[in-house]
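What follows is the residue order along each chain.
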Amino acid sequence: MSFALNETKLIEPFGGSLVNLCVPSQELQEFKTHATHLPSVQLAERSVCDLELLATGGFSPLDRFMGQADYARVLDDMRLANGCIFPIPITLPVERSVSLRLGQEIALRNAKNELLATMLVNEIYEWDLKETARKVFGTTDPRHPLVAEMHRWGPLNISGPLRVLQLPRRYDFRELRLTPAETRARLREVGHGNVVAFQTRNPLHRVHEELTKRATQQVNGALLLHPVVGMTKPGDVDHYTRVRTYKALASRYYDSSRILLALLPLAMRLAGPREALWHALIRRNFGANYLIVGRDHASPGNDSDGKPFYGPYDAQELVQSFSGELGVGVIPFRELVYLPDEERYEEIVKVPTHARTASISGTQVREQYLNNGKRLPAWFTRPEVAAILGESYPPRHRQGVCIWFTGLSGAGKSTTAEVLTTLLLERGRQVTVLDGDVVRTHLSKGLGFGKQDRDVNIRRIGFVGAEIVRHGGIVLCAAVSPYRATRNDVRNMVGGDHFIEVYVNTPLEVCEQRDVKGMYAQARRGEIKDFTGIDDPYEPPENAELSLDTVSHSPEENARLILEYLSQKGFVRSEAAMFDALEMPQPAMTMDVAQLSV
């Protein structure tokens, strides 16, 4: 199928024109004055990202957070109520405690209480978490980042006309933060009617560079290098680092007459095939009529059983099936390998049988290179990219990690964490302990023990833990944390590669025998309500990184098991490695590409 266009004209936005919800400048002050007297709803960062793309037309033809009719049909048919393709629900969830009524006008504010928009509420409706998860993501597994996150969304959605008073203030890379209208204007200046969009949330290496250049040549068009800088997969390379690499590549290694670098403030859902179709729709609104769709496009990784959430080519197949109606052609991400003898990349299906090839997987990039402080080879990535990644990502033994102890009260979480703290300090790591009882005294004083308050407490611990990890520290969190979804939500806050769930698997009867405070006995008598293991459930981890037996093993033995695991993962160096690092200069990194794959 061909989508070639006149060289001077871009494809129209989906629906014919870009939605624009921004209040005209001449009316702005009047609207702001009016909005300061309205009751407010504070938006989560995901909703702030959604509001920005609604306001500027990135989600055209959608012009508001979805009402019930749109929401229901999107779940079932991947279409709005009017029949337009739209595969992802864009909703504004609120708590029941928020006092709202139909016909009410409200102000929408961000976490800093900055006024962003007003809404005239004309719909308030309930939504079902399991139904949404099953239909949009194909799973209710809380290991899916969005399924886990949805457990903290309010049970009601609200909808109504929006008037946007200001877009979220962004101070970074302002010259690259182009709205759909601005992007289209810049693409017209570039002067190619065919535009290939490249969706990325990762650094670009030579194989991506080669692929995008070939795709651009294939359609005789321009490249819209359009990285996501809103919310991506937990644990992804931060957007500041990524954008620095994109800028270096775009300015030095691409034909300036065939590329436009612009940033997309999208909050990804990691919905695999549906997300890929959504990305195609969004890129049409930004002026692209082709999209490179990758293998495992927008995948969150593996589920609780270690299996991929989506098939590797499901996304390509779904987008291709809607390509004609949507008007966006699919360019599959073909697997390329490096031919060291010829110093070039080639599609793997075109490589001669006995030719030497070289490739590096994403896992190897992290584990063999970045985590060991080694510079990536020039055939794999440009030196500028390698240098930026090397600056931003220290070796593994200097990276942060969260060890999350979960188990019944009295299981031995705090005792094991105490021993492990000493062992980690002995190995030269900085350690912070967030004990559940201590946190409730200082950080969560006043919270009760009902499910909602428990979840708030655990997420507070998770937030603090994630900040410690982000700054390179080790944090030991010891809290009952009885609910799987909340623990997985915390895993996503921290980033899966830096979160180690330790199930302190002590039988209830043993915990009761150890209970010097007599709390279990009080719970048995009904004097304490909502006590985990007695009248409130404990949901054991399904796939914890470690499970400890505290009946047959002492706290020190268990702590040393965790230490050994951390050593295997590279977060802690052996004593011999520590002494070697002190005594010997680091040799220059060399590599024979023939050792990678033949």
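In this text the structure is predicted, and so the values were computed from the model without any measurement.

1. Some thoughts on the layout of surface pockets
Taken as a whole, the second largest pocket spans an internal volume of roughly 970 Å³. Around the second largest pocket, the lining comprises 41 residues; the ones closest to its centre are Ser-409, Gly-410, Lys-413, Asp-437 and Val-480. The set of elements that each furnish at least two residues to the lining of the second largest pocket consists of helix 13 (413-426), helix 14 (436-442), helix 15 (451-470), helix 17 (508-514) and helix 18 (519-524). Of the residues that constitute the lining of the second largest pocket, the class distribution is 15 nonpolar, 15 polar and eleven charged.

2. Quick notes on the nonpolar core
Of all hydrophobic cores here, the largest spans 78 residues; its most connected members are Phe-59, Phe-65, Phe-86, Ile-90, Leu-108, Met-119 and Leu-266. Looking at this core element by element, the count peaks at six residues for helix 9 (residues 273-285). Excluding anything up to four places from it in sequence, Phe-65 contacts Ser-47, Asp-50, Leu-51, Leu-54, Ile-90, Thr-91, Leu-92, Leu-108, Met-119, Ile-158, Ser-159 and Leu-162. By size, the runner-up hydrophobic cluster in this structure holds 37 residues, among which are Val-207, Leu-336, Tyr-338 and Tyr-345.

3. A few points about the sheet that holds strand 3 (residues 105-109)
Taken in spatial order, the four strands line up as 1-3-4-7 in an open sheet, and their pairing is mixed. Every interior strand has two partners, whereas the edge strands, strand 1 (40-42) and strand 7 (162-164), have only one. Averaged over all neighbouring strand pairs, the angle between strand axes comes to 25 degrees, with direction disregarded. Where strand 3 lies against strand 4 (residues 115-120), five bridges are found, and the strand directions are antiparallel. Across the sheet, Ile-106 pairs through a bridge with Met-119, a residue of strand 4. On the sheet, helix 2 (residues 45-56) packs against strand 4 and strand 7 and is oriented at approximately 90 degrees with respect to strand 7.

4. Digging into the environment of Val-41
By the element assignment, Val-41 lies in strand 1. You can call Val-41 buried: its relative accessible area is 7%. Distance in space between the C-alpha atoms of Val-41 and Glu-335 is 46 Å, their sequence separation being 294 residues. Among residues more than four places away in sequence, those in contact with Val-41 are Val-94, Val-98, Leu-100, Ile-106, Ala-107, Leu-108 and Arg-109.

5. With respect to the pattern of salt bridges
Oppositely charged side chains may form a pair once their charged atoms are brought near each other. Counted according to the given criterion, the structure contains 39 salt bridges. Note that Asp-77 and Arg-73 form a salt bridge whose closest N and O atoms lie 3.3 Å from each other. Of this pair, Asp-77 and Arg-73 both sit in helix 3 (residues 68-77), four residues apart, which is roughly one turn of the helix. Given the relative accessible area of 29%, Arg-73 is considered partly exposed. One salt bridge connects Glu-342 with Arg-344, and the closest N-O pair in it is separated by 2.7 Å. Residue class for Glu-342 comes out partly exposed when judged on its relative accessible area of 44%. Exposure remark for Arg-344: the relative accessible area of 32% places this residue in the partly exposed category.

6. A short note on empty space enclosed by the protein
Across all of its chains, the model carries one cavity of 30 Å³ or more by this definition. Considering only enclosed or pocket space, the largest cavity measures out at about 70 Å³ in volume. As for the largest cavity, its lining consists of Arg-143, Ser-304, Arg-484, Arg-487, Asn-488, Glu-501, Pro-541, Glu-542 and Asn-543. Element by element, the count of residues in the lining of the largest cavity is highest for helix 16 (residues 484-494), at three residues.

7. Comments concerning the pairing of strand 11 (residues 290-293)
Residues Tyr-290 and Ile-292 of strand 11 are buried on one face, and the alternating residues Leu-291 and Val-293, pointing to the opposite face, are buried as well. Across three bridges, the pairing between strand 8 (residues 195-200) and strand 11 is parallel. Bridging across to strand 11, Phe-198 finds its partner in Ile-292. Following the backbone out of strand 11, through helix 10 (residues 314-326) and into the adjacent parallel strand 12 (residues 329-332), one traces a crossover that is right-handed.

8. Focus: the packing of aromatic side chains
How two aromatic rings sit relative to each other is given by the distance of their centres and the angle of their planes. Per the stated rule, a full pass over the model turns up eleven aromatic pairs. Measuring from centroid to centroid gives 6.1 Å for Tyr-503 and Tyr-538, while their planes differ by 20 degrees, and the two rings are stacked. Remark: Tyr-538 occurs in the loop between helix 18 and strand 19 (546-548) and Tyr-503 occurs in strand 18 (residues 499-504); sequence separation between them is 35 residues. With respect to burial, Tyr-503 and Tyr-538 carry one shared label: buried. Members of the aromatic cluster, connected to one another through ring pairs, are Tyr-338, Tyr-345, Trp-379 and Phe-380. Over the ring of Tyr-254 we find Lys-213; its NZ or CZ atom is 5.2 Å from the centre of that ring. The ring of Tyr-483 has Lys-451 sitting right over it, with the charged end atom 4.6 Å from the ring centre.

9. Focus: the state of the cysteines
Taken as a whole, this structure holds zero disulfides when the rule is applied. Of all cysteine sulfurs, the one in Cys-22 lies closest to Cys-49, which takes part in no disulfide; the gap is 15 Å.

The rules behind the values
- Residues numbered from 1 in each chain as written.
- Predicted model: local features only at pLDDT ≥ 70, side-chain atom pairs only at ≥ 80, totals over all residues.
- Heavy atoms only, no water.
- 1 Å grid on protein atoms, 1.4 Å probe; cavity = no way out; pocket = protein on both sides within 12 Å on 5 of 7 lines; lining within 4 Å.
- Points joined across faces, edges and corners; volume = space filled by probe spheres on them.
- Helix = DSSP H or I, 4+ residues; strand = E, 2+ residues; numbered from the N terminus.
- Nonpolar A, V, L, I, M, F, W, Y, C, P; charged D, E, K, R; others polar.
- Core = buried A, V, L, I, M, F, W, Y, C linked by side-chain atoms within 4.5 Å.
- Buried < 20%, exposed > 50% of the residue type's maximum accessible area, 1.4 Å probe, protein only.
- Contact = heavy atoms within 4.5 Å.
- Pairing = 2+ DSSP bridges.
- Axes fitted to C-alpha atoms, helices over the stretch in contact; angles between N-to-C directions.
- Salt bridge = Lys/Arg side-chain N within 4 Å of Asp/Glu carboxyl O.
- Right-handed = clockwise from strand over helix to strand, strands pointing away.
- Phe/Tyr/Trp six-rings, centres within 6.5 Å; stacked < 30°, edge-to-face > 60°.
- Lys NZ or Arg CZ within 6 Å of the ring centre and 35° of its normal.
- Disulfide = S-S within 2.5 Å.

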